[in-house]
Amino acid sequence: MKRIFSQIKTRIDAIESHPLFRDVHTLEAEQIPSMMKVWAPMFIHLSMTFRDVNRMFYAYLQPRDAYEREITAHADVDATHWRFLLDDLKTIGNDDDPCFYEEHLKQIWSDAGAPIRRYMYALVVRAQSCGESPYLRVASMESGEATVKLFFATTRLMAGRFKQVTGKTLKYFGEDHIRSEIDHAVDTPLFEKITIDDTTATTALTLVDAHFDKFKEFLDAKYFITFGTVSYTHLRAHETSLH
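In this text the structure is predicted, and so the values were computed from the model without any measurement.

1. What to know about the environment of Leu 150
(1) Moving on: For Leu 150, the location among the structural elements is in helix 9 (residues 134-166).
(2) Moving on: A relative accessible area of 15% means that Leu 150 is categorised as buried.
(3) Moving on: Distance from Leu 150 to Glu 16, taken between C-alpha atoms, is 7.7 Å for residues 134 residues apart in sequence.
(4) Moving on: Apart from residues no more than four positions distant in its own chain, Leu 150 is found in contact with Ile 12, Ile 15, Glu 16 and Phe 21.

2. Regarding the packing of helix 9 against helix 10 (residues 175-183)
Pairs of packed helices are described in terms of their axes, by the angle between the two and the distance that separates them.
(1) Moving on: Close contact between helix 9 and helix 10 brings their axes to 9 Å; oriented N to C, the two are set at 150°. Relative to helix 10, the element helix 9 is oriented roughly antiparallel. For helix 9 against helix 10, the interelement crossing comes out left-handed. Along the contact surface, helix 9 presents Glu 145, Val 148, Lys 149, Phe 152, Ala 153 and Arg 156, while helix 10 presents Glu 175, His 177, Ile 178 and Glu 181.
(2) Moving on: Considered class by class, the residues forming the contact of helix 9 with helix 10 number 4 nonpolar, 1 polar and 5 charged.

3. Quick notes on the packing of helix 4 (residues 44-58) against helix 8 (residues 114-129)
(1) Moving on: Their axes nearest at 10 Å, the elements helix 4 and helix 8 cross at an angle of 0°. Comparing the axis directions of helix 4 and helix 8 gives the class roughly parallel. Here His 45, Leu 46, Thr 49, Phe 50, Val 53, Phe 57 and Tyr 58 of helix 4 come into contact with helix 8, specifically with Ile 116, Arg 117, Tyr 119, Met 120, Tyr 121, Leu 123, Val 124, Ala 127 and Gln 128.

4. Considerations on the nonpolar core
(1) Moving on: Counting 69 residues, the largest nonpolar core has Met 36, Trp 39, Phe 43, Phe 151, Phe 173 and Phe 218 as the members making the most contacts within it.
(2) Moving on: The biggest single contributor to this core is helix 9, with 12 residues.
(3) Moving on: Filtering out sequence-adjacent residues up to four positions away, Phe 173 remains in contact with Met 36, Trp 39, Ala 40, Phe 43, Leu 85, Asp 88, Phe 152, Thr 155, Arg 156 and Ala 159.

5. Regarding helix 8
(1) Moving on: Taking 1.5 Å of rise per residue, 16 residues should cover 22 Å, and helix 8 covers 23 Å from first to last C-alpha, within 8% of that figure.
(2) Moving on: Residues of helix 8 that are buried include every one of Ala 114, Ile 116, Arg 117, Tyr 119, Met 120, Ala 122, Leu 123, Arg 126 and Ala 127, and no others.
(3) Moving on: Following helix 8 by one or two positions, Gly 131 adopts a phi angle in the positive range, close to 60°.

6. Focus: the packing of aromatic side chains
(1) Moving on: Going through the model one piece at a time under the given rule, you end up with 18 aromatic pairs.
(2) Moving on: Here Phe 43 and Phe 152 contribute two aromatic rings whose centre-to-centre distance is 6.1 Å and whose plane-to-plane angle is 65°, an arrangement assigned as edge-to-face. Here Phe 43, found in the loop between helix 3 (32-39) and helix 4, pairs with Phe 152, found in helix 9; they are 109 residues apart in sequence, far enough to count as distant. Both residues of the pair, Phe 43 and Phe 152, count as buried.
(3) Moving on: With a centroid separation of 5.3 Å and 85° between ring planes, the pair formed by Phe 43 and Phe 173 is classed as edge-to-face. Of this pair, Phe 43 sits in the loop between helix 3 and helix 4 while Phe 173 is found in the loop between helix 9 and helix 10, placing the two residues 130 residues apart along the sequence.

7. Points about the pattern of salt bridges
(1) Moving on: All told, the structure shown has 13 salt bridges when counted by the stated rule.
(2) Moving on: For Lys 214, the salt bridge goes to Glu 217, with nearest N and O atoms at 3.8 Å. Highlighted residues: Lys 214 and Glu 217, both in helix 12 (residues 198-227), separated by 3 residues, approximately one helical turn.
(3) Moving on: Connected through salt bridges with shared partners, the residues Arg 156, Glu 175, Arg 179 and Asp 183 form a single ionic network.

8. Comments concerning the side chain of Glu 68
(1) Moving on: Within the secondary structure, Glu 68 sits in helix 5 (residues 66-78).
(2) Moving on: There is a polar contact of 2.7 Å between the side chain of Glu 68 and the side chain of Arg 64.
(3) Moving on: In contact with Glu 68, other than residues within four places in its own chain, are Tyr 60, Gln 62, Pro 63, Glu 132 and Pro 134.

9. Details of the confidence of the model for the protein
(1) Moving on: For the protein, per-residue confidence averages 89 on the pLDDT scale, and 91% of positions sit at 70 or higher.
(2) Moving on: When pLDDT is averaged over each helix and strand of the protein, the minimum, 42, is found for helix 13 (residues 232-239) and the maximum, 97, for helix 1 (residues 2-15).
(3) Moving on: Low pLDDT, under 50, characterises residues 229-243; the stretch is placed with 25 contacts to residues that sit more than four places away or in other chains.

10. Quick look at helix 10
(1) Moving on: Of all the residues in helix 10, the buried ones are His 177, Ile 178, Ser 180 and Glu 181. Within helix 10, the buried residues cover an arc of 155° as seen down the axis, which keeps them to one side.
(2) Moving on: Tucked inside the fold, the buried residues of helix 10 contact helix 5, helix 6 (82-92) and helix 9.

Analysis parameters
Residues numbered from 1 in each chain as written. Predicted model: local features only at pLDDT ≥ 70, side-chain atom pairs only at ≥ 80, totals over all residues. Heavy atoms only, no water. Helix = DSSP H or I, 4+ residues; strand = E, 2+ residues; numbered from the N terminus. Buried < 20%, exposed > 50% of the residue type's maximum accessible area, 1.4 Å probe, protein only. Contact = heavy atoms within 4.5 Å. Axes fitted to C-alpha atoms, helices over the stretch in contact; angles between N-to-C directions. Parallel < 35°, antiparallel > 145°, perpendicular 65-115°, else oblique. Left-handed = near helix turned anticlockwise from the far one by under 90°. Nonpolar A, V, L, I, M, F, W, Y, C, P; charged D, E, K, R; others polar. Core = buried A, V, L, I, M, F, W, Y, C linked by side-chain atoms within 4.5 Å. Expected span 1.5 Å × (residues − 1). Phe/Tyr/Trp six-rings, centres within 6.5 Å; stacked < 30°, edge-to-face > 60°. Salt bridge = Lys/Arg side-chain N within 4 Å of Asp/Glu carboxyl O. Polar contact = N/O pair within 3.5 Å; in protein donor to acceptor, adjacent residues only side chain to side chain. pLDDT = per-residue confidence, 0-100. Arc of directions from axis to C-beta.

Below you can see the structure in the form of structure tokens.
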């Protein structure tokens, strides 16, 4: 399994150079509140699907050994993080709009939101493909954990600037989420002691690379939403027009 975790590190080191992680530092604090009006709703589909992935495909109903218990314990925690997003939607003020539900549904399932949905649907397929193997599950799970920590360490910066302007604290995009990830990290040394067969190793490496390939597409989409030439007001109007 050490080879699998090494590949995850290699891929995370490479993806750190994505322009999103560089250019997010150029955002002015005053831009953040209106930007989060767009960002936050588009994470509803992601966070709720992530909950299902953890509960349906990662967690074991009856863990039989230390590996299955470790995976299940982590999945159980990750399946609760959608509550942080619910708090943030209220804090950001998205629920003040009388068309709250209609607008958000249209945003989530708009063409602009399609890359995020594709990212999550691909995750569902990979998680399902792991079957009962704890080694494949942890390969898929830890690939996601690595990118989650990288991405939400970046949104923590945005949450800090949001607080500068509004005086309000974000949880999903701020400290609470990333802290939960760190405090409840999978015990990877437990798995590093395991030697898996070549077939399982090849499948696990395929899962890792597939995740990072899709994550790159996700980052590209978030970059456009954040730094595209259209204004946030125009983008919101575009995203809420479904045919």
